[in-house]
Amino acid sequence: MRGATFFLAVAFLVTASLSAQSQTFTSAELDELLGPIALYPDPLLAQVLIAATYPEQLESAYQWRYSLATIESQPYDRSVKAVARYPEVFEMMATNINWTIAVGQAYVTQPDDVARSIQRLRAQARRLGYLYTTAQQTVIVTNGYISIVPAQPRYIYVPRYDPGIVYLYPRTQYP
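In short, a report on the structure. (Residues numbered from 1 in each chain as written. Predicted model: local features only at pLDDT ≥ 70, side-chain atom pairs only at ≥ 80, totals over all residues. Heavy atoms only, no water.)

1. Section: a nonpolar patch on the surface
Working step 1: Where nonpolar side chains cluster on the molecular surface, the patch consists of I165, L168 and Y169 and spans about 310 Å² of accessible area.
Working step 2: Here L168 lies in the segment after α10 (163-166).
Working step 3: Judged by relative accessible area, L168 falls into the exposed class, the value being 54%. (Patch = residues over 30% accessible without salt bridge, like charges linked within 9 Å, V, L, I, M, F, W, Y side chains within 5 Å. Areas by Shrake-Rupley, 256 points an atom, 1.4 Å probe, with all protein chains shown as cover. Salt bridge = Lys/Arg side-chain N within 4 Å of Asp/Glu carboxyl O. Helix = DSSP H or I, 4+ residues; strand = E, 2+ residues; numbered from the N terminus. Buried < 20%, exposed > 50% of the residue type's maximum accessible area, 1.4 Å probe, protein only.)

2. What about the pairing of strand β1 (residues 137-142)?
Working step 1: Across six bridges, β1 lies against strand β2 (residues 145-150) in antiparallel orientation. Within β2, the residue paired with T142 across the bridge is Y145. (Pairing = 2+ DSSP bridges.)

3. Notes on the packing of helix α4 (residues 55-62) against helix α7 (residues 87-95)
Working step 1: Packing of α4 against α7 brings their axes to within 9 Å, and their N-to-C directions diverge by 120 degrees. The chirality of how α4 crosses α7 is left-handed. Where α4 abuts α7, its residues L58, E59, A61 and Y62 lie against F90, E91, M93, A94 and T95.
Working step 2: When its residues are assigned to classes, the contact of α4 with α7 shows six nonpolar, one polar and two charged. (Axes fitted to C-alpha atoms, helices over the stretch in contact; angles between N-to-C directions. Left-handed = near helix turned anticlockwise from the far one by under 90°. Contact = heavy atoms within 4.5 Å. Nonpolar A, V, L, I, M, F, W, Y, C, P; charged D, E, K, R; others polar.)

4. A word on helix α2 (residues 27-34)
Working step 1: Burial in α2 covers these residues: L30, D31, L33 and L34. One side of α2 holds all its buried residues, which, seen down the axis, span an arc of 165 degrees. Residues A28 and E32 are exposed on α2 and point more than 90 degrees away from its buried face.
Working step 2: In this structure, the buried side of α2 is in contact with α3 (42-51), α8 (97-109) and α9 (111-127). (Arc of directions from axis to C-beta.)

5. A closer look at the packing of α2 against α9
Working step 1: At their nearest, the axes of α2 and α9 sit 9 Å apart, and the two run at 70 degrees to each other. Compared by their axis directions, α2 and α9 come out roughly perpendicular. Every pair of crossing elements has a handedness; the one defined by α2 and α9 is right-handed. Between α2 and α9, the contacting residues are S27, L30, D31 and L34 on the first element and D113, V114, S117, I118, R120 and L121 on the second.
Working step 2: Class assignment for the residues of the contact of α2 with α9 results in five nonpolar, two polar and three charged. (Parallel < 35°, antiparallel > 145°, perpendicular 65-115°, else oblique.)

6. Overview of the environment of L128
Working step 1: Topologically, L128 is positioned in the loop between α9 and β1.
Working step 2: The buried category is assigned to L128, whose relative accessible area is 15%.
Working step 3: Sequence separation between L128 and Y169 is 41 residues, and the spatial gap between their C-alpha atoms is 6.6 Å.
Working step 4: When residues no more than four places from it in sequence are discounted, the contact partners of L128 are V166, Y167, L168, Y169, P170 and R171.

7. Details of the pattern of salt bridges
Working step 1: In the structure shown here, the tally under the stated rule is five salt bridges.
Working step 2: Salt-bridge contacts for R120 lead to D31; the nearest nitrogen and oxygen are separated by 2.9 Å. Of this pair, R120 sits in helix α9 while D31 is found in helix α2, placing the two residues 89 residues apart along the sequence.
Working step 3: Note that E88 is salt-bridged to R160, the shortest N-O span being 2.3 Å. You can see E88 sitting in helix α7 and its partner R160 sitting in the loop between β2 and α10, a full 72 residues away along the chain.

As structure tokens, then:
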């Protein structure tokens with residue numbers, strides 16, 4: 001019980017600290033901020049958003065990037081440990097710490113706006129021909145809500161894309 005109280009107190013302080021130093025992001029700023037991750041499969045995206053609220057843990061864990069066993073043995077948040085399993089994502093978050101902090105702040109202070117931005121970006125990428133079902137992922141559209149789920153539940157593939165292209169220019173179809 002005492003540990004849980006301490007954890008809640010620390011969580012409150014972290015949230016208060018993030019809120020105190022955060023800014024309110026516009027829709028355009030959120031779209032730019034979230035563009036690099038909006039097309040990630042939902043299970044990975046959820047971990048990335050939560051891990052972004054632990055930037056100091058990401059930086060610390062990154063020193064152990066070649067040893068998942070060491071990362072697993074540390075008292076890092078589960079989201080940080082999950083992201084560490086995806087080297088490209090882990091590196092992006094740990095080495096672009098200002099971006100990571102901004103994503104974490106947006107997620108904590110504007111969760112509904114973050115969700116809307118992700119949906120807006122996914123819809124744009126889908127309209128332009130970049131977001132579709134593949135052997136690695138299934139794109140599900142239900143009442144305008146776009147979900148991206150792994151095609152094989154045990155494997156999550158990290159898509160590679162250029163946000164400067166997939167949200168702006170139509171996909172070229174070659175015969």
